[in-house]
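# Overview (structure and organization)
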Amino acid sequence: MDLKQVPLFRDLNPEDLKALEGEARARRLKRGEVLFLEGEPVHSLFVVEKGLIKVYKLDPEGRKQVVLHVEGPGRVLAEVALFLDRPTYPASAEALEESQVLAIPKERFFQLLEVRPQLARSLIRYLARRQERLLHLLDRLVFHEVRERLCEFLLERLAEEGQGFRLPTNSELAALLGTVPEAVSRNLGELYRRGLIRLAGRRVEVPDPEALRALIR
């Protein structure tokens, strides 16, 4: 993957990109394989090259998963965990399908931050955008209906991955949207019957994005 395509690194000059690429190491993951576990020491920043990675937490009994977010190609994992006072992963990450990530060692990333101000500025801008995204998610959970949240999620995935993007399971999607799997299934079925989405297994196409956007108040 060209790191220039990754939002975190989009503003870097060629020299900084080359330095970063020199530190990155590819790692392949099978479906269901764990990338890191909650509580493990933070050792790397990860960039998703292909596939989908689910980030989740377990309930106190260790039985029920709460999905926090799902990241596809070009997205970054563990960027916040690098800077925690207690540098351990605050959640776990697992491949939803065959995937590949680039691992950038934590210490080398910190060294690059110290000598390359442009990378530090890009990181601050990226974290600010993530904060804005989280606030938007909170607004959706409080004020928007399930159908609207689902439509926004589908449009976000379309913008990031293009037509034919992969949909998480209904349970995972319900956790992301703050609802229950039955509500996800019902609303997906409605969108499908109205021709607003096309489904092939868990792959989704949106023939008319503006029609889907019109459902969002």
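These figures come from a predicted structure and were not determined experimentally. (Residues numbered from 1 in each chain as written. Predicted model: local features only at pLDDT ≥ 70, side-chain atom pairs only at ≥ 80, totals over all residues. Heavy atoms only, no water.)

## Regarding the pattern of salt bridges
What counts, and what does not: A pair is scored as a salt bridge if a Lys or Arg side-chain nitrogen falls within 4 Å of a carboxyl oxygen belonging to Asp or Glu. In DSSP terms, a helix is any run of H or I states spanning at least four residues, a strand is any run of E spanning at least two, and both are numbered starting from the N terminus. Burial classes: relative accessible area under 20% of the type maximum marks a residue as buried, over 50% as exposed, and values in between as partly exposed (1.4 Å probe, protein chains only).
Throughout the structure, instances matching the rule amount to 17 salt bridges. We note a salt bridge from Arg157 to Glu160, for which the minimum N-O separation is 3.3 Å. Residue Arg157 and its partner Glu160 are located together in helix α4 (residues 146–161), separated by 3 residues, close to a single helical turn. According to the relative accessible area criterion, Arg157 is buried, its value standing at 5%. When its relative accessible area of 33% is taken as the criterion, Glu160 is described as partly exposed. We note a salt bridge from Arg157 to Glu161, for which the minimum N-O separation is 3.1 Å.

## Side note on the sheet that holds strand β1 (residues 25–29)
Rules: A pair of strands is treated as paired once DSSP finds two or more bridges between them. Only heavy atoms matter for contacts: two residues are in contact if any of them lie within 4.5 Å across the pair. Here an axis means a line fitted to C-alpha atoms, over the contact stretch when the element is a helix, while the angle between two N-to-C directions is reported on a 0 to 180 degree scale.
Taken together, the 4 strands give an open sheet; going across it, the order is β1-β8-β3-β6, and neighbouring strands pair in antiparallel fashion. Whereas interior strands pair on both sides, the edge strands pair on one side only; in this sheet they are β1 and β6 (76–77). As paired strands, strand β3 (residues 44–50) and β6 are joined by 2 bridges and run antiparallel to one another. Along β6, the bridge assignment pairs Val47 with Val76. On top of the sheet, helix α2 (residues 106–115) reaches β3 and β8 (99–105); it is set at about 60° to β8, its chief contact.

## Looking at the sheet that holds strand β11 (residues 203–205)
Taken in spatial order, the 3 strands line up as β9-β11-β10 in an open sheet, and their pairing is antiparallel. At either end of the open sheet lies a strand with only one pairing partner, and these are β9 (165–166) and β10 (198–200). In this sheet, β11 lies alongside β10 in antiparallel orientation, the contact comprising 3 bridges. When the bridges of β11 are listed, Leu199 appears paired with Val204.

## Quick notes on unusual backbone geometry
Its identity as a non-glycine residue notwithstanding, Ala78 has a phi of 75°, on the positive side. Position of Ala78 relative to the elements: it lies in the loop between β6 and β7 (92–95). Its relative accessible area of 14% is what places Ala78 among the buried residues.

## Points about helix α5 (residues 170–177)
Among all positions in α5, only Glu172, Leu173, Ala174, Leu176 and Leu177 are buried. Just past α5, the residue Gly178 takes up positive phi, approximately 70°.

## With respect to the domain arrangement of the protein
Heads up, the condition is: The split of the chain into domains comes from an automatic or database domain assignment. Once two parts are put together, the accessible area they lose, assessed with a 1.4 Å probe and summed over both, is termed the buried area. Nitrogen and oxygen atoms within 3.5 Å of one another constitute a polar contact, given that in protein one can donate a hydrogen and the other can accept it, and given that sequence-neighbouring residues count only through two side-chain atoms. Gly falls in the polar group here, along with every residue not listed as nonpolar (Ala, Val, Leu, Ile, Met, Phe, Trp, Tyr, Cys, Pro) or charged (Asp, Glu, Lys, Arg).
Here the domain parsing of the protein yields domain 1 (3–142) and domain 2 (146–214). Here the C-alpha centre of domain 2 lies 24 Å away from the C-alpha centre of domain 1. Contact with domain 1, which involves 17 residues of that partner, is made by 15 residues of domain 2. Taken together, the two surfaces of domain 1 and domain 2 that pack against each other cover about 1,400 Å², and 49% of this comes from carbon and sulfur. Applying the counting rule to domain 1 against domain 2 returns 4 salt bridges. Connecting domain 1 to domain 2 are 3 residue pairs in polar contact (both at pLDDT 80 or more). Only β5 (65–71) and α3 (117–143) provide two or more residues apiece to the side of domain 1 that touches domain 2. A breakdown of the residues in the side of domain 1 that touches domain 2 according to their chemical character gives 8 nonpolar, 3 polar and 6 charged.

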